[in-house]
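Here's the letter readout for the chains.
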Amino acid sequence: MTELACGIVGLPNVGKSTLFNALTKKMIPAENYPFCTIDPNVGIVIVPDPRLEKIAIISKSKKIIYATVSFVDIAGLVKGASKGEGLGNQFLANIRETNAIVQVVRCFEEEKVIHVAGTIDPLLDIEVINLELSLADLQMAENIYRKMEKQAKGKKEMEEEVHFFQKLMKHLNDNLPVRQLKTSDEEKKILKKYPFLTNKSVLYVGNVSEKDLPNMRNGFTERVQEFASKEGSKMITLCAKLEEEIAQLEGPDATEFLQSVGLQEPGLNRLIRAAYDLLGLITFITAGEMETRAWTIPKGTTAQEAAGVIHSDIEKGFIRAEVVSYNDFIACNGRVHAKELGKARSEGKEYIVQDGDVILFYHN
């Protein structure tokens, strides 16, 4: 995929397609049986960002352009996927093309909704998926290692890579994800060359029932939260069924409905922001009478590189960036007053752009 994307994964019937429907308002089938989603559906959604509305009012902008994030709804996985069970090979290939994983976990009891394993146990569900991904990674690591061993004979420069793969295979054999492997800077460089599934960042989404509103916590979610924390991953909870209903409503109706169930905002807003963060993305903003616009960049991007996101000519002819932080822009009621109060900074090409920076680029 050319654009950074999160793959939505989970066992069959955990609420993946329902969640995807709500995210994209693309009404794909979400019937109560496994493998309803066969081809991965891709949806590009707007990243909710109230900062843009505030900046647009101050800048008297005619329109607002939000950042976006892509989600891929991937076919439900079953035990044995790494050996091709169910839609295993396709599932793994589809995940490989995404940049991060949103794993939906069933945290509700409902007799009418069949569970593929016949019992509700979110940690067992996570274990099934993580084991299949680890087995697929182990298979890939072993294949690479076999070729590498032959190529490395008599080549001292390849020794480090061979040793690293031995360490990696031992780690995967212990059913541990690659992202938990302690690596040196050199090993990180080696790892970057290979698309290991368990090296992708994961966000766990506990799908609860409407009975758990508004706090969306229960015994299942607490166990998932504990597991995610130990792994160094994040977790959010939401009710996919409710989110799908909210997604059908507009403006005041949606707000009224949310308030009636004791919620401040849709759970999807939290999911989208968490997914954006999971992909390692931040937003910088440009503002003027024509438009207020959010631009997406990876964390750690320099001012000159950020200029190139707008146009390659701005990057080539970069002179400087005039930067006002979001908080200063609002407090000073715009760029002009921010400059008067010394809150507008002149930054060079190496400046690392921060989330929410409102930037004016000067270029040749």
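Rules of the game
Residues numbered from 1 in each chain as written. Predicted model: local features only at pLDDT ≥ 70, side-chain atom pairs only at ≥ 80, totals over all residues. Heavy atoms only, no water. Core = buried A, V, L, I, M, F, W, Y, C linked by side-chain atoms within 4.5 Å. Buried < 20%, exposed > 50% of the residue type's maximum accessible area, 1.4 Å probe, protein only. Contact = heavy atoms within 4.5 Å. Salt bridge = Lys/Arg side-chain N within 4 Å of Asp/Glu carboxyl O. Helix = DSSP H or I, 4+ residues; strand = E, 2+ residues; numbered from the N terminus. Arc of directions from axis to C-beta. Axes fitted to C-alpha atoms, helices over the stretch in contact; angles between N-to-C directions. Parallel < 35°, antiparallel > 145°, perpendicular 65-115°, else oblique. Nonpolar A, V, L, I, M, F, W, Y, C, P; charged D, E, K, R; others polar. Pairing = 2+ DSSP bridges. Right-handed = clockwise from strand over helix to strand, strands pointing away. pLDDT = per-residue confidence, 0-100. Phe/Tyr/Trp six-rings, centres within 6.5 Å; stacked < 30°, edge-to-face > 60°.

Another point: the nonpolar core. By size, the foremost hydrophobic cluster in this structure holds 72 residues, and its most contacted members are Phe 71 and Leu 271. Beyond its immediate stretch of four places on either side in the chain, Phe 71 contacts Cys 6, Ile 8, Phe 20, Leu 23, Asn 41, Val 42, Gly 43, Val 45, Val 102, Ile 272 and Ala 275. Core analysis: the next-biggest nonpolar cluster, separate from the first, contains 20 residues, Met 140, Met 148, Phe 165 and Leu 168 among them.

So, about the pattern of salt bridges. A full pass over the atoms with the stated rule returns 18 salt bridges. For Glu 187, the salt bridge identified is with Lys 167, shortest N-O distance 2.9 Å. Of the two residues, Glu 187 is situated in helix 6 (residues 185–192) and Lys 167 in helix 5 (residues 159–173); the sequence distance between them amounts to 20 residues. Lys 167 gets classed as partly exposed once you look at its relative accessible area, which sits at 34%. Among the ionic pairs, Glu 347 bridges to Arg 345, the shortest N-O distance being 2.9 Å. Since its relative accessible area comes to 18%, Glu 347 is described here as buried. One salt-bridge network, in which partners are shared between bridges, spans Asp 49, Arg 51 and Asp 355.

Turning our eyes to something else, we now look at helix 11 (residues 303–310). All of the buried residues in helix 11 are Ala 303, Ala 306 and Ala 307. One side of helix 11 carries all its buried residues, which in axial view fall inside an arc of 105°. Considering only its buried residues, helix 11 is in contact with strand 8 (281–287), strand 9 (291–298), helix 12 (312–316), strand 10 (318–324) and strand 12 (358–363).

On to the packing of helix 5 against helix 6, then. Packed helices, taken two at a time, are described by the angle their axes make and the gap between the axes. Contact geometry of helix 5 with helix 6 gives a least axis separation of 10 Å together with a crossing angle of 80°. As summarised for this structure, helix 5 and helix 6 are arranged roughly perpendicular, according to the angle between their axes. Of the residues in helix 6, those touching helix 5 at Glu 160, Glu 161, Phe 164, Phe 165 and Lys 167 are Glu 186, Glu 187, Ile 190 and Leu 191. Residue composition of the contact of helix 5 with helix 6, grouped by class: four nonpolar, no polar and five charged.

Turning our attention to the pairing of strand 6 (residues 201–207). Of all seven residues in strand 6, six are buried; the element is thus mostly enclosed. Here seven bridges tie strand 5 (residues 100–106) to strand 6, and the two strands are oriented parallel to one another. Residue pairing for strand 6: Gln 103 is matched across the bridge by Tyr 204. Looking at chain direction, strand 6 and strand 7 (residues 234–238) are connected through five bridges and run parallel. Residue Leu 203 lies in a different strand from strand 7, and its bridge partner there is Lys 234. With helix 7 (residues 219–231) bridging strand 6 and its parallel neighbour strand 7, the resulting β-α-β unit is right-handed.

On to the confidence of the model for the protein, then. Caution applies to low-pLDDT regions: their predicted coordinates should not be interpreted in detail. Averaged over every residue, the pLDDT of the protein is 88; residues scoring 70 or more account for 89%. This stretch, residues 27–38, has a pLDDT under 50; its non-local contacts, to residues over four places away or in other chains, come to 35 contacts.

Tallying each qualifying case throughout the model produces eight aromatic pairs. Ring geometry for Tyr 194 and Phe 196: centres 6.2 Å apart, planes at 50°, overall tilted. You can call Tyr 194 buried: its relative accessible area is 19%. Residue classification places Phe 196 among the buried residues on the basis of a relative accessible area of 2%. Centre to centre, the rings of Tyr 204 and Phe 227 are 5.7 Å apart; their planes meet at 80°, and the pair counts as edge-to-face. In this pair, Tyr 204 is assigned in strand 6 and Phe 227 in helix 7, connecting sequence segments 23 residues apart.

So, about unusual backbone geometry. Trans peptide bonds make up most of the peptide bonds, and negative phi angles are found at most residues other than glycine. Between Leu 213 and Pro 214 the backbone carries a cis peptide bond, its omega angle lying at 0°. Although it is not a glycine, Lys 60 sits at a positive phi angle of roughly 55°. Among the structural elements, Lys 60 can be located in the loop between helix 2 (50–59) and strand 3 (63–65). Even without glycine at this site, Met 216 takes up a positive phi of about 55°. Within the element layout of this structure, Met 216 appears in the loop between strand 6 and helix 7.

Pairing is mixed in the open sheet, where six strands are placed in the order 2-4-1-5-6-7. If you trace the sheet from one side to the other, it starts and ends with strand 2 (41–46) and strand 7, each paired once. Direction aside, neighbouring strands of the sheet carry axes that sit 25° apart on average. On top of the sheet, helix 4 (residues 122–152) reaches strand 5 and strand 6; it is set at about 145° to strand 5, its chief contact.

The subject of this paragraph is the side chain of Glu 161. Within the fold, Glu 161 resides in helix 5. Here Glu 161 falls in the buried class, since its relative accessible area comes to 14%.

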